[in-house]
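Tertiary structure, described
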Amino acid sequence: MSPLPRIAVPLIYLALYQLADFASVGHDSSGLFTTPWNAAPALSIAFILRYGWNWLPYVLVSPLLAGLVEPSPQAALWPVLMRAIAESLGSVLCLLLLRGRSPDLLLLRGVLRLLAAAGCAAALIAGTRSLEILLAASPSFWQGLAVGGEFWLAHLVAILSIVPAFLVLNRAMLRHWRLDLTATGEALLQAGALLLIGWEVFGRFVNAEIHFFYLLFLPFAWIAARHGQKGVALALGALYLAPVATDILFGHKDAMIVELQIRLGVLAVTSLLFGALVAERRQAAIRMQERQTELAHFQRLNVGWEMASALAHELNQPLTAAMNLTQAALRLLKAPNPDLERTIEVMGKSVDRIERVGQIIHGLRDFMRKGELTLSKGLPAGIVEDALRLVSAEASAAGVTMAASGLSQLPPIMADRTQVVQVLVNLLRNAIQALDSAKTANPLISVSGKTAGDMIEIAVADNGPGLAPEVMDRLFEPFVTTKASGMGLGLSISKSILEAHEGRLWAENAPDSGAIFRLTLPLAGRSADNA
Ligand code: ADP
């Protein structure tokens, strides 16, 4: 997994551990020896969280090694053993609490889980180390409790500062690193701000009153906003070096250490939570963008599919009619004395239907492709007549009478003739099929028209069964049908065609029987005014 040779990672860990241990300055807190700035146990936790159970032997060995290099003040082996046990137990507890895998610090939940695990691991390490002190120095109960508390705080702060940096650091980050001048410049400025404020807080004023600590929140907020959780984690790791270094250089006053650690802990928790919030927001934005892309893709597919279905639906009728007419012509020709005149008439009708197919394909294709209409001025009476002629064969086959009234007085409209004819054909065919399937006595379709303001209104009414209640509310939605072989597209396409004309289409049941479909279209004068 690691790009480094297998042995290199344990060696790096052991070296870092020894260095951290060596750099931790001992303090004599009322006669009890402590090392408040000790990153070594936190390093063990960081590595075990990254590399899992296999890392346990190293975690056990490194404190022993450190004990050999720098023997304990008591010059005895048992404190070193206690320490190795304490740190191993703490690391294992962390691993167990995080269920064997490192927490996802990009999620708020992951940060909270790390906080809980860090608190428990720190308590375990602090408890065992306090026991070691109690055994060595036998202080009073309250003294022991205070030292235990200090240990806990020290380890908690170290874990929260060190572990996230090791969890976010990965190969991909290094591989994808590019020298971007603006980003590098900004990162340098952030590092500079951190260094300057870190110096003020931990260097210049460390043993005085620490007035400026709150200033550290500024670079952290800046880093979180710009680099998210990765930036926060690395900055926290780097900042932890400041108290270690200044403790070595100037020596911290015991009274100041707890205060500093509390502040550092608050900074770490706040920044990690803020970093997770930023990361979650970014991920939500990315997810949203992905959804939108998916949706756009889906819509494109849907439109394509709808167009194919719509074409199949619209072409079915004229093609079937053309086939029937051609077969009729063939039968006429095969007769002993072929009636050529009749055959020519039938073939003419067939050609008419096939031409209609061409018109539909062109009209639909243009409509779908450009979303535009080919508007021309035309009389509603002529448009309705075209539609009636196209369904006449189907109507007479079903024995349906079709009547038109009040159309000849209507003024011209601006419309895409092919498409409006298509809408009317749809309405008429639906009515014929409804009348046919309901076996209505004296089946009748009446088409009427009137002007209403700057629109004309055409009504297609039948005396059939009327609209079924189950489809009433969703009549104009695609794929709503009560027919066994219906596609439920006719009305939805018709409605969008009319809306593209700035007209409307709606339906109601007639008071006595049957359905009435009404549509409106703008008058030619109104369109000219608008143009
Ligand atoms: P399709 O005809 O493919 O089923 P449509 O969109 O043309 O799809 O019609 C949807 C439904 O509307 C039909 O299945 C039918 O139930 C109902 N409908 C349409 N016109 C009438 C009518 N004149 N009378 C009764 N029901 C109708």
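Criteria and thresholds
Residues numbered from 1 in each chain as written. Predicted model: local features only at pLDDT ≥ 70, side-chain atom pairs only at ≥ 80, totals over all residues. Heavy atoms only, no water. 1 Å grid on protein atoms, 1.4 Å probe; cavity = no way out; pocket = protein on both sides within 12 Å on 5 of 7 lines; lining within 4 Å. Points joined across faces, edges and corners; volume = space filled by probe spheres on them. Helix = DSSP H or I, 4+ residues; strand = E, 2+ residues; numbered from the N terminus. Nonpolar A, V, L, I, M, F, W, Y, C, P; charged D, E, K, R; others polar. Phe/Tyr/Trp six-rings, centres within 6.5 Å; stacked < 30°, edge-to-face > 60°. Buried < 20%, exposed > 50% of the residue type's maximum accessible area, 1.4 Å probe, protein only. Lys NZ or Arg CZ within 6 Å of the ring centre and 35° of its normal. pLDDT = per-residue confidence, 0-100. Contact = heavy atoms within 4.5 Å. Patch = residues over 30% accessible without salt bridge, like charges linked within 9 Å, V, L, I, M, F, W, Y side chains within 5 Å. Areas by Shrake-Rupley, 256 points an atom, 1.4 Å probe, with all protein chains shown as cover. Salt bridge = Lys/Arg side-chain N within 4 Å of Asp/Glu carboxyl O.

A word on empty space enclosed by the protein. Counted according to the given criterion, the structure contains 2 cavities of 30 Å³ or more. Its boundaries defined by the atoms lining it, the second largest cavity holds a volume of some 70 Å³. Lining the second largest cavity, in full, are His313, Glu314, Gln317, Pro318, Arg356, Ile360, Leu390, Gln422, Val425 and Arg429. Among the elements of the structure, helix H10 (254-334), helix H11 (340-370) and helix H13 (417-437) are those that each provide at least two residues to the lining of the second largest cavity. Residues that form the lining of the second largest cavity fall into these classes: 4 nonpolar, 3 polar and 3 charged.

For the rest of this paragraph, the subject is the packing of aromatic side chains. Scanning the entire structure with this criterion turns up 11 aromatic pairs. Considering the side-chain rings of Phe47 and Tyr51, the 6.1 Å spacing of their centres and the 25 degrees angle between planes classify their relative orientation as stacked. Within this pair, Phe47 and its partner Tyr51 are both found in helix H2 (residues 40-51), separated by 4 residues, close to a single helical turn. The buried category is assigned to Phe47, whose relative accessible area is 6%. A relative accessible area of 31% places Tyr51 in the partly exposed class. Here the aromatic cluster, defined as three or more aromatic residues joined through ring pairs, consists of Tyr13, Tyr17, Phe47, Tyr51, Trp55, Tyr58 and Phe166. Cation over ring: Lys495 sits above Phe476, and NZ or CZ is 5.0 Å from the ring centre. Positioned above the aromatic ring of Trp506 is the side chain of Arg504, whose terminal nitrogen or guanidinium carbon lies 4.2 Å from the ring centre.

With respect to the helices and strands, the residue Lys349 is situated in helix H11. With relative accessibility at 40%, the residue Lys349 sits in the partly exposed group. Along the sequence, Lys349 and Leu390 sit 41 residues apart, while their C-alpha atoms lie 9.8 Å from each other.

Per-chain confidence: the chain averages 85 in pLDDT, with 88% of residues scoring 70 or above. Put simply, helix H7 (residues 171-175) is where the chain has its lowest mean pLDDT, 58, and strand S9 (residues 515-522) is where it has its highest, 97. This model gives residues 527-531 a pLDDT under 50, and the stretch forms 2 contacts once residues within four places in sequence are excluded.

Turning next to a nonpolar patch on the surface. Taken together, the side chains of Leu64, Leu77, Leu81, Ile85, Leu89 and Leu124 define a hydrophobic patch exposed on the protein surface, amounting to about 490 Å² of accessible area. When residues in the nonpolar patch are grouped by element, the largest group, 4 residues, is from helix H4 (residues 77-97). Counting through the fold element by element, Leu64 comes out in helix H3 (residues 56-69). A relative accessible area of 30% means that Leu64 is categorised as partly exposed.

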